[in-house]
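Working through the structure, step by step
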Amino acid sequence: MSAPATPREIFGKLTGLISAGKWSELPELYAEDAEVEIVFSPVPPRRLRGRAELRKRFEALGASDAIRLRAENIRVHETGDPEVVIAEFDYEGLYPATGRTFRTANIQVLRVRNGLIVETRDYHDHLAFAAADGRASQLLAALDR
């Protein structure tokens, strides 16, 4: 029996699947009770709980082909906690419906236990995503409410 994948290896699988548009495979990287906090999301949900909830979110992204992302300039930092890595990376993004592209910096704090993601704190620039999608004004209006 081989050792479970390390946090660094799991992060590599995560960004590889996202970059390949393999949204349906992503939930298998997460523990059943995983928690994902999307810290800077301007609209709910800011916290996703459990593999089932994550599966719904990833299925929606995959089904709509609404966005394509490619992770680049990846730097993974080990921490004093063997379960935790901190990753810095850029997303090169494309909205196929509009042809708009964007680039945004990201940070993710990832906790992996027994080869599965149990917790992440994701720091993405959601306004950059919205601006590229042409929805920035809608998003800003929602924030003013």
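Starting afresh in each chain, residues are numbered from 1 along the sequence in its written order. Reporting of local features is limited, given that this is a predicted model, to residues whose pLDDT is at least 70; pairs of side-chain atoms are given and counted only at 80 or more, and all residues count toward the totals for whole chains, interfaces and linings. Excluded from the side-chain calculation are hydrogens and water; included are all heavy atoms of the structure.

A count of helical and extended segments in the protein chain gives four helices and six strands. Here a helix means four or more residues in a row that DSSP labels H or I, a strand means two or more in a row labelled E, and each is numbered from the N terminus. Beginning at the N terminus, the succession of helices and strands in the protein chain can be written as α-β-β-α-β-β-β-β-α-α. Two things to know: the radius of gyration comes from C-alpha atoms, and the globule rule equals 2.2 Å times the number of residues to the power 0.38. Computed over the C-alpha atoms, the radius of gyration of the protein chain is 15 Å, within 12% of the 15 Å expected from 2.2 N^0.38 for a compact globule of 145 residues. Along the first, second and third principal axes, the C-alpha set of the protein chain runs to 50 × 30 × 30 Å.

Note that side chains of opposite charge can pair when their charged atoms are close. In the sections that follow, a salt bridge refers to a side-chain nitrogen of Lys or Arg positioned within 4 Å of a carboxyl oxygen of Asp or Glu. Overall, the coordinates contain 17 salt bridges when judged by the stated rule. Within the structure, one salt-bridge network assembled from shared partners comprises Glu35, Glu37, Arg47, Arg49 and Arg121.

With that out of the way, let us pick up the sheet that holds strand 4 (residues 84–95). One requirement defines pairing of two strands: DSSP has to find at least two bridges between them. Spatially, the six strands line up as an open sheet ordered 2-1-6-5-4-3, and their pairing is mixed. Of all the strands in the sheet, the pair left with one neighbour each is strand 2 (47–49) and strand 3 (68–78). Across the sheet, the axes of successive neighbouring strands diverge by a mean angle of 20 degrees, strand direction being ignored. Where strand 4 lies against strand 5 (residues 100–113), twelve bridges are found, and the strand directions are antiparallel. Paired with phenylalanine 89 across the two strands is asparagine 106, which belongs to strand 5. Working convention: axes come from line fits to C-alpha atoms, limited for helices to the stretch in contact. Angles between N-to-C directions cover 0 to 180 degrees.

Attention now moves to the nonpolar core. Grouped burial of nonpolar side chains is what soluble globular proteins tend to show. Counting residues in each nonpolar core, the largest one holds 30 residues, and the members touching the most others are Leu14, Leu26, Tyr30, Leu69 and Ile117. Looking at this core, the elements that each hand over two or more residues are helix 1 (7–19), strand 1 (30–38), helix 2 (51–64), strand 3, strand 4, strand 5 and helix 3 (126–133). The contact definition used throughout considers only heavy atoms, calling two residues in contact when any of these lie within 4.5 Å. Other than its neighbours up to four places away in sequence, leucine 14 contacts Leu26, Leu29, Tyr30, Gln108 and Ile117. Among buried residues, the Ala, Val, Leu, Ile, Met, Phe, Trp, Tyr and Cys ones that are joined through side-chain atoms within 4.5 Å form a nonpolar core. For every residue, the accessible area (1.4 Å probe, protein chains only) is compared with the maximum for its type, and the residue is labelled buried under 20%, exposed over 50%, or partly exposed between those bounds.

With that out of the way, let us pick up the environment of isoleucine 107. Topologically, isoleucine 107 is positioned in strand 5. Its relative accessible area of 36% is what places isoleucine 107 among the partly exposed residues. Note: C-alpha distance between isoleucine 107 and histidine 124 (17 residues apart in sequence) is 6.8 Å. Setting aside chain neighbours within four positions, we find isoleucine 107 in contact with Ile86, Ala87, Glu88, Arg121, Asp122 and Tyr123.

The two faces of the sheet receive side chains in turn, since in a regular strand these alternate between them. Taken together, the nine bridges between strand 3 and strand 4 define a ladder with antiparallel strand orientation. Across the sheet, residue leucine 69 finds its bridge partner in strand 4, namely glycine 93. Between strand 3 and strand 4, which follow one another and run antiparallel, lie five residues. A loop of four residues connects strand 4 with strand 5, the two strands running antiparallel in sequence, and glycine 99 in this loop sits at a positive phi of about 80 degrees.

Right, let's talk about unusual backbone geometry for a bit. Although it is not a glycine, asparagine 73 adopts a positive phi angle of roughly 50 degrees. Structurally, asparagine 73 is set in strand 3. The phi dihedral of asparagine 114 is positive, around 55 degrees, even though this residue is not glycine. Here asparagine 114 lies in the loop between strand 5 and strand 6 (116–124).

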